[in-house]
Amino acid sequence: MASETSPAAPTAPGAVRIQRALLSVSDKRGIVDFARGLAELGVEIVSTGGTAAALQEAGLDVRAIDDFTGFPEIMDGRVKTLHPRLYAGLLAVRSNAEHLAQADEQQIEFVDLVCVNLYPFERTAARRGVSEAEVIENIDIGGPTMLRAAAKNHAFAAVVVKPESYDAVLEELRDAGGTLSMPTRESLAAEAFAYTARYDTAIARWFAEKNEDFPPLFIRAFEKVVDLPYGENPHQRGAFYAQVGTRMNVLSQVKQHHGKQISYNNILDLDSARALVREYEVPACAIVKHNNPCGAALGASAQEAYERAFACDPMSAYGGVIALNRRVDRATAQRLHEQFIEVLIAPGYDDDALEVLTQKQNIRILEDQERRLPVLGEPEIRQVTGGLLVQDRDSGRDERDGMEVVTARRPSEDEWSDLLFAWRVSRHVKSNAIVLARGLATVGIGAGQMSRVDSVRLSVEKAQVPDLKGAALASDAFFPFADGPELAIRAGVTAVIQPGGSVRDAEVVAAADEAGVAMVFTKRRHFRH
């Protein structure tokens, strides 16, 4: 049965004339206009279920899928496109005489374009309270099969998966006399395979992680959000990808008011700074440089929190990333304007505050409109050569009730406040981490040293105050010797918090007791490599 849509003579791959299109979409944005554009070009529209109803309601002529296949839609629509007449029409190699003969023998009609997007599995699975049966019902079978068939045979067919592609496809069809070029079809096929890969990844992950946090196959998909100016260094290329299916990411709901495009290093520091201020309900500020806080503080207002955080290490704060968890007013903006800032992020800005801040051309001013929190159970992933390291996030808050005072002197209530503040900050500092705090503000931070006593020495040397009398010290892991605490005690520290667990704990506690210093064991360490 040779016809225009089932040619008797072999056709070489090239510009494919679109004469018949099958449309079956869950996301119906723009589908009526796309179908109307195809119909105006003389394309026959074949459609299924709800898509066919929407097109017919818009006054378009639609051929039902059961008329095309000769088989009814059954089982609540679970079976409607799974038929050899459709897949022969999609998969026939039209340059192959034997394929054409078989198509003619079986009265196969070719399908030149498939426009399909899939049941909303990701959105359904992410809904609170959704039943397992509903999730499974949103696993699309026919849709991915059609997409893969058309994409595989892109030498003779076209496949469209995104509403955002409709206008460009129609434009090319109009400009090229109803044909789509091979480069266009190949690009659309690549989109389709990426789309089905993402879909299958979401399904496989849902099954794998139903009962196991660390399944045998660790499956994730990531999609590009933005190309970055460069990577960590100018000679390295860079891009930011967001994990598919996550509730939020570091740039989600972030509005940029001013400044240059955000960079690779900016994003790393921004993530660290936001994580730190997210720890607190009261006004808080974190200043991050090279992925380490160089100042963090609480205050009665955003301005006070910033000023106290900046006072910790003004030199290192130069060119840092600053995060606030309160709206910025003009007075706070004026204080911020005095410094060189790479990135500033806050939940909002008064208009007159932006007038002050935007006087500097390059400062990146970001507004954090994200009110969602990261999923607590989402693991932390780090790439290593040829693989991934996966672990639980270090997100649990250590409560005072679970800690042990191991010295004769107990901390005062003010010391307890500073100890808990410093301990929480230490979780965000690269190991070996030492944090000195007083009055709910950091006064010295020692980060990333190979020796813990060197981290203590660095934190004391970095302190901008005349003396450290009454300061609290937090260490992210135990002290292997008494020399670290002794160095801090000589500088004026009166309270220490650390995990404990060293074979020399007794010596370390004895040194604290001898100096009349209070020491608390948390029984949990917070390495951050």
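Residues numbered from 1 in each chain as written. Predicted model: local features only at pLDDT ≥ 70, side-chain atom pairs only at ≥ 80, totals over all residues. Heavy atoms only, no water.

**As for the sheet that holds strand 6 (residues 158-160)**
What holds strands together in a sheet is hydrogen bonding between their backbones, with the strands either parallel or antiparallel.
1) Next: Read from one edge to the other, the open sheet built from five strands follows the order 4-3-2-5-6, with strand pairing classed as parallel. Two strands bound the open sheet, and with one partner strand each, they are strand 4 (63-64) and strand 6.
2) Next: Of the strand pairs in this sheet, strand 5 (residues 113-117) and strand 6 are connected by three bridges, and their pairing is parallel. Counted as the bridge partner of L113 is A158 from strand 6.
3) Next: Here helix 9 (residues 166-175) sits on the sheet and contacts strand 2 (20-25), strand 5 and strand 6; the angle it forms with strand 5, its principal contact strand, is near 170°. (Pairing = 2+ DSSP bridges. Helix = DSSP H or I, 4+ residues; strand = E, 2+ residues; numbered from the N terminus. Contact = heavy atoms within 4.5 Å. Axes fitted to C-alpha atoms, helices over the stretch in contact; angles between N-to-C directions.)

**What about the side chain of R205?**
1) Next: Residue position: R205 is located in helix 10 (residues 182-208).
2) Next: What R205 contacts, discounting residues up to four positions off in sequence, is I219, R220, Q243, V244 and E378.

**Considering the packing of aromatic side chains**
To describe a pair of aromatic rings, one takes the distance between the centres and the angle between the planes.
1) Next: Scanning the entire structure with this criterion turns up seven aromatic pairs.
2) Next: Measuring from ring centre to ring centre gives 6.2 Å for F121 and W206, while their planes differ by 85°; the resulting arrangement is edge-to-face. Here W206 lies in helix 10 and F121 lies in helix 6 (residues 121-126), a separation of 85 residues in the sequence. Accessibility classification places F121 together with W206 in one group, the buried group.
3) Next: Put simply, the rings of F121, Y199, W206 and F207 touch in pairs and so form one group of aromatic residues. (Phe/Tyr/Trp six-rings, centres within 6.5 Å; stacked < 30°, edge-to-face > 60°. Buried < 20%, exposed > 50% of the residue type's maximum accessible area, 1.4 Å probe, protein only.)

**Here we look at the environment of L251**
1) Next: The topology assignment puts L251 in the loop between strand 9 (238-243) and strand 10 (254-258).
2) Next: Look at L251 and you get buried, because its relative accessible area is 18%.
3) Next: Setting aside anything within four residues of it in sequence, one finds L251 in contact with F240, I262, I267, L270 and R274.

**Considering the sheet that holds strand 13 (residues 320-324)**
1) Next: Ordered in space as 10-15-14-13-11-12, the six strands form an open sheet in which the pairing is mixed. The open sheet has two edge strands with one neighbour each: strand 10 and strand 12 (292-298). Each strand of the sheet is rotated relative to its neighbour by a mean of 20°, with strand direction disregarded.
2) Next: Relative to strand 15 (residues 364-368), strand 14 (residues 341-346) runs parallel, the two sharing four bridges. Paired with V343 across the bridge in strand 15 is R364.
3) Next: Against the sheet, helix 11 (residues 264-277) engages strand 10, strand 11 (284-289), strand 12, strand 13, strand 14 and strand 15, with an angle of about 150° to strand 11.

**As for the pairing of strand 16 (residues 380-384)**
Side-chain direction in a regular strand flips from residue to residue, so the side chains alternate between the two faces of the sheet.
1) Next: Note: strand 16 against strand 17 (residues 387-391), five bridges, orientation antiparallel. Bridging across to strand 17, E380 finds its partner in Q391.
2) Next: Count of turn residues in the strand 16/strand 17 antiparallel hairpin: two residues, of which G386 carries a positive phi of about 75°.

**Overview of the environment of V509**
1) Next: The residue V509 is located in helix 19 (residues 505-515) in this model.
2) Next: Look at V509 and you get buried, because its relative accessible area is 11%.
3) Next: As for V509 and V520, which are separated by eleven residues in sequence, their C-alpha atoms are 9.4 Å apart.
4) Next: Those residues within four positions of V509 in sequence are excluded, and the remaining contacts are V406, T407, M519 and F521.

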